[in-house]
Amino acid sequence: MSSPAITKGELKNQPQNEEVNYLNVEHTISSWLLTGDHKRIAMLYLVSASFFFFLGSIAAGLIRFELTSPAGVVLESETYNKIFSAHGIIMIFQFLVPAIPAILGNFLLPLMIGARDLAFPRLNLASWYMFMVGGALILIGMIGGGVDTGWTFYTPYSSMYSNTQVTLVLVGIFISGFSSITTGINFVATIHKMRAPGMTWFRLPLFVWAMYSTSLLMILGTPVVAITLLLVVFERLFRLPIFSPELGGDPVLFQHLFWFYSHPAVYIMILPAFGIISELIANFSRKRIFGYHFVAFSSIAIAGLGFLVWGHHMFVSSQSMYESIVFSLISFLVAVPSAIKIFNWTTTMYKGNIRLQSPMIYAIGFLGIFTVGGLTGLFLGGTGTDVHLTATYFVVAHFHYVMVGGTLLGFLGGLHYWWPKMTGRLYNDGIAKVNAVIVFIGFNLTFFPQFILGWMGMPRRYHYYYFAPEFQAYHIMSTLGSSVLGFGLILPAFYLTMSLINGKKSGPNPWGAHGLEWETASPPPTSNFLEIPIVLDEVYDFDPVSEHEQDMKDLDKWESTTDHQSFPTEDHH
Amino acid sequence: MQFNNFPLSPPRASNFAQEYDAIFYALVALTVFFTLVVGVAVIFFAVRYKKGTRADRSRPMYENLFLELTWTIVPLVIGLVMFYFGTSLYVKMRTPPKNATEIFVIGKQWMWHVQHGNGVRENNTLHVPAGVPIKLTMISQDVLHAFYIPAFRVQEHVVPGRYTQLWFTPTEIGEYHLFCNMYCGTQHSEMGGKVVVMSPKDFASWLSEGGQSSAPLSMEQAGAKVYNKVGCANCHGAEDTLRAPSLYGIYNKRRTFADGTSLIADEEYLRSSILRPYDHITSGYGQTMPVYEGQVTEEDVLNLVAYIKVLGTSTAPPPTSNINRHSASAVASGTNESTSLATNAVQANTDDPDASPTRRTGSPAVGAVAAEGRNR
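Quick caveat, the model's predicted, so the values are computed rather than measured.

Remarks on the overall build of chain A
Thinking step 1. The number of helices and strands found in chain A is 17 helices and 2 strands.
Thinking step 2. Taking 573 residues into account, the globule formula puts the C-alpha radius of gyration at 25 Å, and chain A, at 24 Å, falls close to it.
Thinking step 3. Seen through its principal axes, chain A has C-alpha atoms that stretch 75 × 45 × 45 Å.
Thinking step 4. Within chain A, the proportion of its 573 residues that are buried is 63%.

Side note on the sheet that holds strand β7 (residues 154-158) of chain B
Paired through their backbone hydrogen bonds, the strands of a sheet run either parallel or antiparallel.
Residue and element names in this part refer to chain B.
Thinking step 1. Taken in spatial order, the 5 strands make up an open sheet running β4-β10-β9-β6-β7, and their pairing is mixed. Each edge of the sheet is formed by a strand with only one pairing partner; in this case those strands are β4 (125-129) and β7. Each adjacent strand pair in this sheet contributes to an overall mean axis angle of 20°, direction not counted.
Thinking step 2. Inspection of the sheet shows strand β6 (residues 145-149) paired to strand β9 (residues 174-180) by 2 bridges, in the antiparallel sense. Bridge pairing in β9 places Phe147 opposite Cys180.
Thinking step 3. Sheet contacts for helix α3 (residues 200-208): β4 and β10 (192-198); angle to β4, the most-contacted strand, approximately 130°.

Observations regarding helix α6 (residues 267-275) of chain B
Residue and element names in this part refer to chain B.
Thinking step 1. The set of residues buried in α6 consists of Glu267, Leu270, Arg271, Ser273 and Ile274. Along the axis of α6, the buried residues cluster in a sector spanning 165°; they form a single face.
Thinking step 2. Tucked inside the fold, the buried residues of α6 contact β5 (134-140) and α7 (298-310).

Some thoughts on the sheet that holds strand β8 (residues 164-168) of chain B
Residues and elements named next belong to chain B.
Thinking step 1. Here 5 strands make up an open sheet; going across it, the order is β3-β2-β1-β5-β8 and the pairing mixed. Looking at the sheet topology across the chains shown, the edges are occupied by β3 (121-123) and β8. Each neighbouring strand pair of the sheet contributes to a mean axis angle of 25°, computed without reference to strand direction.
Thinking step 2. Of the pairings in the sheet, the one linking strand β1 (residues 101-108) to β5 comprises 7 bridges and is parallel in character. Looking across to β5, one finds that Glu102 is bridged to Lys135.

Concerning the pairing of β5(B)
Residues and elements named next belong to chain B.
Thinking step 1. With respect to burial, β5 is a largely interior element, 6 of its 7 residues being buried.
Thinking step 2. Relative to β8, β5 runs antiparallel, the two sharing 5 bridges. The partner of Ile134 across the bridge, within β8, is Phe168.

Quick word on the interface of chain B and chain A
Thinking step 1. Facing the 81 residues of chain B at the interface are 81 residues of chain A.
Thinking step 2. Elements that contribute at least two residues to the side of chain B that touches chain A include exactly α1 (17-48), α2 (65-93), β6, β7, β9 and α11 (366-374) of chain B.
Thinking step 3. Counting residues per element, the side of chain B that touches chain A draws most heavily on α2(B), at 16 residues.
Thinking step 4. Grouping the amino acids of the side of chain B that touches chain A by side-chain chemistry returns 44 nonpolar, 25 polar and 12 charged.

Re the environment of Leu123(A)
Thinking step 1. Along the chain, the position of Leu123(A) falls in helix α5 (residues 121-143).
Thinking step 2. For the pair formed by Leu123(A) and Asn528(A), sequence separation is 405 residues and the distance between their alpha carbons is 19 Å.

Focus on the confidence of the model for chain A
Should the pLDDT be low somewhere, the predicted coordinates at that spot are not to be read in detail.
Residue and element names in this part refer to chain A.
Thinking step 1. Summary statistics for chain A give a mean pLDDT of 89 and a share of 93% for residues scoring 70 or more.
Thinking step 2. Between residues 1-12, whose pLDDT stays under 50, and residues either more than four places distant or in other chains, the model counts 26 contacts.
Thinking step 3. Between residues 566-573, whose pLDDT stays under 50, and residues either more than four places distant or in other chains, the model counts 19 contacts.

Quick look at the nonpolar core
Thinking step 1. In terms of nonpolar packing, the biggest core is built from 260 residues, with Val208(A) and Val105(B) touching the most fellow members.
Thinking step 2. No other element matches helix α4 (residues 77-113) of chain A, which puts 23 residues into this core.
Thinking step 3. Counting only domains with at least three residues in this core, you end up with domain 1 (10-53 + 96-215) and domain 2 (219-374) of chain B.
Thinking step 4. Filtering out sequence-adjacent residues up to four positions away, Val208(A) remains in contact with Leu109(A), Met112(A), Ile113(A) and Ile191(A).

A closer look at the packing of helix α12 (residues 358-381) of chain A against α1(B)
Thinking step 1. In contact at an axis separation of 9 Å, α12(A) and α1(B) are set at 165° when each is read in the N-to-C sense. It follows from the interaxial angle that α12(A) and α1(B) lie roughly antiparallel. Remark: the crossing between α12(A) and α1(B) carries right-handed chirality. Taken together, the residues of α1(B) that come into contact with α12(A) (itself represented by Ile364(A), Leu367(A), Gly368(A), Thr371(A), Val372(A), Leu375(A), Thr376(A), Leu378(A) and Phe379(A)) are Leu27(B), Leu30(B), Thr31(B), Phe34(B), Thr35(B), Val38(B), Gly39(B), Val42(B) and Ala46(B).
Thinking step 2. Of the residues assigned to the contact of α12(A) with α1(B), the class counts are 12 nonpolar, 6 polar and no charged.

Remarks on α2(B)
Each turn of an α-helix holds 3.6 residues, which means side chains three or four residues apart point in the same direction.
Thinking step 1. End to end, α2(B) covers 41 Å across 29 residues, agreeing with the expected 42 Å (1.5 Å per residue, within 8%).
Thinking step 2. Buried within α2(B) are the following residues: Trp71(B), Pro75(B), Gly79(B), Met82(B), Phe83(B), Gly86(B), Leu89(B), Tyr90(B) and Met93(B).

Here is what the cut-offs are and how they apply
Residues numbered from 1 in each chain as written. Chains lettered and ligands numbered in written order. Predicted model: local features only at pLDDT ≥ 70, side-chain atom pairs only at ≥ 80, totals over all residues. Helix = DSSP H or I, 4+ residues; strand = E, 2+ residues; numbered from the N terminus. Rg over C-alpha atoms; globule rule 2.2 N^0.38 Å. Buried ≥ 20, exposed ≤ 12 C-beta atoms within 10 Å, placed from the backbone. Pairing = 2+ DSSP bridges. Axes fitted to C-alpha atoms, helices over the stretch in contact; angles between N-to-C directions. Contact = placed C-beta atoms within 7 Å. Arc of directions from axis to C-beta. Nonpolar A, V, L, I, M, F, W, Y, C, P; charged D, E, K, R; others polar. pLDDT = per-residue confidence, 0-100. Core = buried A, V, L, I, M, F, W, Y, C linked by C-beta atoms within 7 Å. Domains from an automatic or database assignment. Parallel < 35°, antiparallel > 145°, perpendicular 65-115°, else oblique. Left-handed = near helix turned anticlockwise from the far one by under 90°. Expected span 1.5 Å × (residues − 1).

Below is the structure:
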């Protein structure tokens, strides 16, 4: 067996009294709402972001239901427009952007680098409050009249024409955006200053690298969109002439400023998922990630190039032809680091000792879906091909393949992987594996037909298509798929919750994974480590050859000495 | 139209469609190929190296510069090749030929308003002849819209405050979808209609019979009317004067401004100089021209631009100055028509009652009303 990569008296790190951990150390409501513990804040985010995800999903379901008929089913156009706007705004600003960094990143970053907490615990709590206040304003706006601009808030419609609660919602997004900025600052400071002794940059888990790149994007991009949205508010309230041609402004300027953030925001959403997939593939293949340096630097390359491609959203917006060509070229360059990641993950599995447990099933699903999502990006990054496809369902399908197939599958895989660490409980891995397959099938059934719809010319954000009945068959397929997907997204809420009630205790390291977070108890004590670990080697110190031998012995021992029949040994015949 | 439950491609009806589809299907092939490579490899590895199988795991690989460079360079080269093909198509789409027939489009919530050169107008429908290059000059009266014809593979935003252009040569006779593809408010999904491609002969007779509505004046004639009525002719005559430069033959000439900069006098320049003359003051002249922003509709401006483009050529009705005229429109409309237009005078007044800018401000366009109603 390989010697432990990270030596730090494992036994000493187990609390003497196993019952005292971050979850049960205090039980009052104020101990949660005023906590500085990054793990508790992560749980606050988990509950609140899941709530927003639930709302966004209801909106998605309504959209899909409405589109089964070319002339609509139950909604008025005005309501439909508010519903798809609500879906986009809630999902992007209140779920996809914060989900992985604020939930899994918050929980794991200090554990992975051997720190007791983030650098600024109170700032961390403040960021959750900003997230909640922003979210509350958004919801108040949506309940009190709704907003019908789409999540993109294009001017002059949003600033001069829309008769809905745009101002309130924009202020909500503005405040919520600051929670991204403060989270990013917190992460960067923590990664720079609080690594355990011996945790050099190239011993960092790839999830930490991903968090680092994400944080840079959050810090540099979010202020731009924040000030842009504020300018829209000023134009609405005070007729400050910025974007509306009636007042002397430039409507296209808004698109430049908006996408300057919102394209990097796509990477804010997907880079953390890349980090999770790196962890999952390495740990379930029992192998060091292939091409560690290339995977790490490709995250940085994506973060850097991601700031230079915003104009590819604007090939038909009246920006100059030469501008479009330059943006297109850089967009093709950004495809390269994504391809590097995909191939490195695939190759990592070669000669591994692969365990097909539920997180790995999610990771494999991610590889397939993200490959399609990335490659269809070439259609849209090329200027000529984009002209026909832009703003059609092809774009809708493409970004759902990246955002839902990428970010959501990555998040679910990560949640399943670290759930035992977060809660100390094991869920039913058999149901979870079936669920991963349901999500994969439902996802593809929902979004693949939309590629064909877009290629046929179906515009996005259309309520009716009675003048083009040829689109209906694909819409019905998509809606059927979305009900399968919806089932696959509801099911984890049940079996994960059930695990809290009757799940078996997981022990510190149910997966036999490497990494500092697995060296402490599950759930970890408030201070994470009783003694700060000293890191002697990098995190992916797997040895599939000898582990293969060792596995057999371990399994025998495990089966004969304990009553854990079903969990880590499940793949063993 | 034949209703097919699972159509797999849109009709191909323009000069761009074939080249577009070739690139599109090449990308589809690329996507399928790489998805299969990754998918097959992942499933193969997952089965072969599943825990407990007896596969050979000796000498595992952790770094391999050759492999890394392979999958850096291969996607890079493929990307650059696709960039080349995409860009060359895009440059064609963005470069209308000189002989293209011009048609003008105004977008407003929630309809398309189309005006042909001879004055024929239509709403939510665009009639075009097959085999003839068509250039659309488009502007929005309120919010952003996008003019999208899937069968032609062309699309461009229609932006308030500036002209955008779109060109194509229809190749197949038939009717095709026309969509607004930029979200523009409540009835966005119903802001569309059809593009009707006709044989050139049918189109010519359709156009001469006035299409769906009567064609009172060609765009140049309507422009001449506005030119005289608004008072452009008072200062901008056949010769440069101390007050104002002549506009004869100005189109596509380089203009030098008081601040030393210069611009080609294209449609966009003409439009902005009518609405906001002080953005670019022609070298040698002062700030004497009134600002017409908010005084004339986009349709008037389109007509004016069409007229200025032909000013000084034989096709243009000559401008008449109304500088000595005592009273306004009632008299003006009578004497205002140059002799060549005399037969149209009565009809023009009934069909085109909005030609006077004073009346225009009393009845703003549809979009403007909507805008005022919505603004707080």
